[in-house]
Each structure stands twice: as structure tokens, then as C-alpha cells.
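# Structural overview
Here is what each chain is made of, one letter per residue.
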Amino acid sequence: MSHVVVDNPHGLDQQLAALDLNPDGQGGGTGRRYIPPHLRNKDAAKNGFGGYENKDGGWGGAPRDAAYNSFGGRNDRSKSAFFNDRGSGSRGRYERGGFGGGGNSRWVEDSRGEDDWSKPTAPNERLENELFSGSNTGINFEKYDDIPVEATGTSCPPHIESFHDVDMGEIIMGNITLTRYTRPTPVQKHAIPIIKIKRDLMACAQTGSGKTAAFLLPVLSQIYTEGPGDALQASKNSGQENGRYGRRKQYPISLVLAPTRELALQIYDEARKFAYRSHVRPCVVYGGADIGQQIRDLERGCHLLVATPGRLVDMMERGKIGLDHCNYLVLDEADRMLDMGFEPQIRRIVEQDTMPPKGIRQTMMFSATFPKEIQILARDFLEDYIFLAVGRVGSTSENITQKVVWVEENDKRSFLLDLLNATGKDSLTLVFVETKKGADALEDFLYREGYACTSIHGDRSQRDREEALHQFRSGRCPILVATAVAARGLDISNVKHVINFDLPSDIEEYVHRIGRTGRVGNLGLATSFFNDKNSNITKDLLDILVEAKQEVPSWLESLAYEHQHKSTNRGRSKSRFSGGFGARDYRQASGGSGGFNSNRPGRNAGGHGGNRGFGGGGGFGGNFYSDGYGGNYNHSGSVDWWGN
Ligand code: ADP
Ligand code: MG
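The shown structure was predicted, so the numbers you read here are calculated from the model rather than taken from an experiment.

### Observations concerning the nonpolar core
Residues Met-168, Ile-176, Leu-201, Phe-215, Leu-217, Phe-274 and Met-364 are the most contacted members of the largest nonpolar core, which totals 53 residues. Here this core gets nine residues from one element, more than from any other, and that element is helix α7 (residues 211-226). Discounting residues that sit within four places of it in the chain, Ile-176 has contacts with Phe-163, Met-168, Tyr-181, Leu-217 and Phe-274. Counting residues in each nonpolar core, the second largest holds 40 residues, with Ile-295, Ile-349, Met-355 and Phe-381 among its members.

### Comments concerning helix α19 (residues 538-547)
Regarding α19, the residues found buried are Thr-538, Asp-540, Leu-541, Leu-542, Ile-544 and Leu-545. Lys-549 sits one or two positions beyond α19 and adopts a positive phi of about 55°.

### Remarks on the environment of Trp-117
Its location among the elements puts Trp-117 in the loop between α3 (65-69) and α4 (125-132). As a C-alpha pair, Trp-117 and Gly-227 span 110 residues in sequence and 5.2 Å in three-dimensional space. In this view, Trp-117 contacts Ile-171, Ile-223, Tyr-224, Gly-227, Pro-228, Ile-253, His-279, Val-280 and His-303; residues no more than four positions away in its chain are not counted.

### A few points about helix α13 (residues 343-351)
Of all nine residues making up α13, eight are buried, and the element is well covered by its neighbours. Those residues of α13 not exposed but buried are Glu-343, Gln-345, Ile-346, Arg-347, Arg-348, Ile-349, Val-350 and Glu-351. Tucked inside the fold, the buried residues of α13 contact β3 (254-257), α11 (309-317), β6 (328-331), α12 (334-339) and α14 (372-381).

### Let's talk about the sheet that holds strand β10 (residues 429-432)
The sheet built from six strands is open, its strands ordered β9-β14-β13-β10-β12-β11 with parallel pairing. Two strands lie at the open edges of the sheet, namely β9 (400-406) and β11 (453-456), each paired on one side alone. Taking the axes of each pair of neighbouring strands and ignoring which way they run, one obtains an average angle of 20° across the sheet. Note: β11 against strand β12 (residues 479-482), four bridges, orientation parallel. By the bridge assignment, Ile-456 is partnered in β12 with Ala-482. With respect to the sheet, helix α15 (residues 412-423) is in contact with β9, β10, β12, β13 (497-500) and β14 (524-530), its orientation differing from that of β14 by roughly 165°. Across the sheet, helix α16 (residues 436-448) lies against β10, β11 and β12, angled at about 175° from β11, the strand it touches most.

Parameters and conventions
- Residues numbered from 1 in each chain as written.
- Chains lettered and ligands numbered in written order.
- Predicted model: local features only at pLDDT ≥ 70, side-chain atom pairs only at ≥ 80, totals over all residues.
- Heavy atoms only, no water.
- Core = buried A, V, L, I, M, F, W, Y, C linked by side-chain atoms within 4.5 Å.
- Buried < 20%, exposed > 50% of the residue type's maximum accessible area, 1.4 Å probe, protein only.
- Helix = DSSP H or I, 4+ residues; strand = E, 2+ residues; numbered from the N terminus.
- Contact = heavy atoms within 4.5 Å.
- Pairing = 2+ DSSP bridges.
- Axes fitted to C-alpha atoms, helices over the stretch in contact; angles between N-to-C directions.

In C-alpha cells form, the structure reads like this:
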């Protein structure tokens, strides 16, 4: 797969100029209203797109080698040469074929249980190729260096600059080399040493900043150092208790909770890479797929479990999973999980079962935003945690050019065709629409117009969704029409253009959507169609544009002004999004903001005693929580995003 580095902002500007997106409608466009191409000065339109002449399928045509050069020229040091004791620890932990590969591989239980988990097991060329062949390219690393990072909390360890600055052991270091991650991303620089010294962590960082490896590397590294502990024996005992034909209950050492199956699968894939040549067997469970198959997979051994909350509760209730030895708990995209109504399941898993209490287990929470619900969860689940706020890598950073254009409903389709033609048919474009029906209709329309496109939404079967994502990722269908679901944590790393055909009503949703482009330091473009229907998002959108130093259409400013003067009492979204993505350690703010004080009795920051929050679940919901907050905090019971 070719990932082309986009490092030519100039080219981007030219293309944008050609698109006639001038917010004030000068030149071609007029004022607020979009003029469809057939009504416009034809010459202007034709010449306008002339700036885009690069036929290499890239934007701005950065030489492809730049991507590799940025890895420091390390292009030969791959494969298992890095495991210098090749074979020494290989006692056939996995039968031929390795785990997870062909589906018929088997986990071979260590009969003695005293094996050294810190030593790599035998290499497996086929598996190695499978896991690492698609590894990343095209990261624009220079973008990283000035990203602001703030770490607060008691005795925070210094950050690292290189993966070699901290001892993560042979297995991890070998696998880092195989993935070709040459330098840690900002969130990794800070989170890795924090997790390594066993501190709890609350990290706010945007999608695309490399959070997955930020927690997987240090967690796995600790598991390798410490070995399976009691978990292995517990699983064996369970097997014996259940008799000869009994199935073993699995006791994962580490649990990662994620909001959607796509995200869970991505984390699982990443976990398999870093678990290569180790004794750790990662598993994944999520709703909407055959549970029997997942159970059979679990029964082959499960040391690191990636799960969506609903399906995990199901597995626990069926006695397939015990969390008694779960020493590492990660909540990924915690804000998304709450938005999706998973809080009851999360509390059931963390507080009302057999998981070790906070303070005993190590807990890490990741979230793009830090609204009050997340602060409460952090307070309940974390012990004397370090708060990490990483400036935006993707999303509303300067990596993303954000355009807002006034387009009436009836003009949206023809404007879309213009945009697609201007950016080139081959660059991955993600088009967001509001409804499932809208997604189907737009896909049909684009198809009829001769565009290779596909769509993804909640009415599609699991198989169809996976197929659509695959078609998109592979570039066979470079246009993906999606409902909001596609924004949930999907790592589609080279999306060049996000188009909000329909804007969301929630600014956080907007931030998540545009976070699909400009990932990991690359440049991206986000274009949003705005009209009368979107007035509710006016003010928040304006704030975001200003903050990210984007061009603000003057009509948007006027609208925001009008809006503010109509309704003076609409503080919710503002407070929710204060300071950008809300990444501020509320414990630092004296007196707290919005009534969430850090000096509530017994809840002193950094000094939580005992294990309150375990086995309780109650204890909040008091009046500090009802200050007008929670407008779009939607509990939808146990139904997951896909309606399963
Ligand atoms: P997030 O969870 O913050 O959205 P991911 O963990 O999904 O981000 O990472 C985004 C992409 O960046 C992935 O494709 C991942 O493989 C890649 N990546 C992560 N860390 C590094 C690194 N240190 N060097 C190069 N690529 C990285
Ligand atoms: Mg992630």
C-alpha cells in the first residue's frame, strides 16, 4: 500500500483556492450561497483546478522516499535479527503455524508454569510477515516536536525521547523494530515512563496520536517481566473444577475496554504485534459477532483481553472470563464509551465484580476530551493518577485545514462532486452524512456518477462493514460514505479529506470526525457544508476554527453573534469544550470549574485513601453532578453502537 506524505501546504492552498471556498464568497462564489458549477463562470472553474496536477495520487507530490527517510534511514534493520538470542527461549510455546494465523493454531499450555516470560519464544516467519508486513510508512515526524504536553500529578517521572531510554525488555524492543516505529510519539514519550513505574494515568490525547502503543508497550513489558503470576494457575484450577470435559475460565492479566468492535479489533491487531514471540496470547471479544467462536478462541488462552463492554459482561456472566487477576486495566476512548451509554457495563466490570480494586490494579484511561463524566470516572477508577494532556496531533491542529462553506441542502450533491474532482478521485475521502438512509442514497448517487465508493452504517451487517472498510483502506473504493459510526476510533491513517456533508449537532462529534484526517502528523483537509439547519453548532464551530487558527467565514461570525444574542444561556457545550479539547487537570484548578471541586470530603486530589469506588458504584450522582451538565449524555442501556 502506498502512503504518500503530504508535506506541501502550498499545494493544498492552491487546491483550496481553486475550490472557491473563500469564506466571503469572493471570486466565483457569492456571499453565503453556493453556486453550482454549471451556473458559474466555466473558465474560472476549469482553470481553478489546474493547480492540482500531480498524477502520483498524492497531494502536493512529496517524494515518497521522504516517508522512509523520516525513519532515519533505517530500512534494512528489520525482521528477527533483532532478537539476538534467536531460538534460545523457544520451547514450542506455539505449535507450528503460530497463534491467530490460520485459525487452526493452538495455544500450547506451559506445563510447568515456570518458564521465563521475559525471554522471546521462537520466531515464526509466516506469522512475522503477517503481523508486520503492513507496517506504517509516511509519518511526518517533524510535526511532532513542538506539540505541547503537560503532565500533572505527584512525582511525575521524566519523559523519554527514545524507546531506548526505558528498559522494556528484549521482546518489546524487538517488536518495536519490526513495526518500524523509530521514535515515540508525544503521548508515548510521556505515558510509557509513567505506566512503567506503575502509576495510574489519565491521558487526554487526540485520535491518531499513538495512544494504543502508549499503553500496550509498557503494559506488555511489565507482563513479560513479571510472568503470569496466579492467573495461569487460576485458569488451570478452573479447568479441573469443571471436570474432564469442562471448559476453562480465562483470567486475563490485562483488560482493554474499547467502545466499538472496529476499535477493539485495531487494538487487538496492535497487541498481536507487540505480543509476537512472547507467552502472552491476546484475545478480542465484541458484540454482533458469533459468541461461540469467541468463546472457543478464549479457551485457547487469554492473557490480554480487548473487549467492548457489553460483550465482556456477557462473557463474565457466562463464566468464561474472570477478572480476579486483572492487574492492568485500560479504558480507551473513555469519552466515547460514555457517550454510547456504556457506563453501567463499565462500572459492572470494574467495580461490581472480582477485579482487583484500584490501587492494587494499575489503571489507565484515555480520552480525547475531559468532560465531567470522565473526571468522575477517573476519580472513581484511578488512584493518585498522573494527568497527561497532549496537544492535538490530529483533529483541530494546524495539520488540518478546516473549511466551512455555506451550501444549501439542494446544492450539496453537486458541491460534493466539485470537491471530489478537485482533490482527485484517488485520495481517500470520508464523507459523513446524518442518516443511514442518507448514506445509502448518497452512495447510490456517487456510484451512478462514476465514483468508486462504498458506505458504512449501522444497518449493515458486520461482514458488509468490514468489507467496506477494507475496500476503502485498500483504495479500491477511495470514497467512504459514513454515518457517525465511522468516526469512532477507526484508524484509517491516510484519509486526505473529511467532508461533513451533514454537520453533526455536537461539536465533539465534529472534532472526532475531522480527526480522521491529518493523522499522526500528516496534513489533511476537512470541509463542512453548513446551512440553516446547523445553527445550533455555530458558536462552537467558530470557537474551534479560531482556536485552530483557521480561516473564519465572516457569515459564520455574524451568525454566531446573532445566535449568542438570541440565547444567552447556552453554556453547556462551551463548558464541555473549554480550553479546546478540555484537556485540563481539574485537580489543578482551584475551586474546580463548574462545581467539580477537588476538595470534596474524602476525595482529596492525590490522596484517595482506601478503595472506595470498589464494590460500590454509588457515591456520586449527588448535586455537583446536576449543574446543567449532561445535555447529550445519552444512556442507551446495553445496546451498543451498532444496535446489538
Ligand atoms: P490513537 O489511538 O491515538 O488514535 P493509534 O494508536 O491508533 O492512535 O495510532 C495511529 C497510527 O500511528 C497507527 O497506524 C500506528 O501504527 C501509528 N503509530 C503509533 N505510534 C507510532 C510511532 N511511534 N511511530 C510511527 N507510527 C506510529
Ligand atoms: Mg486509539
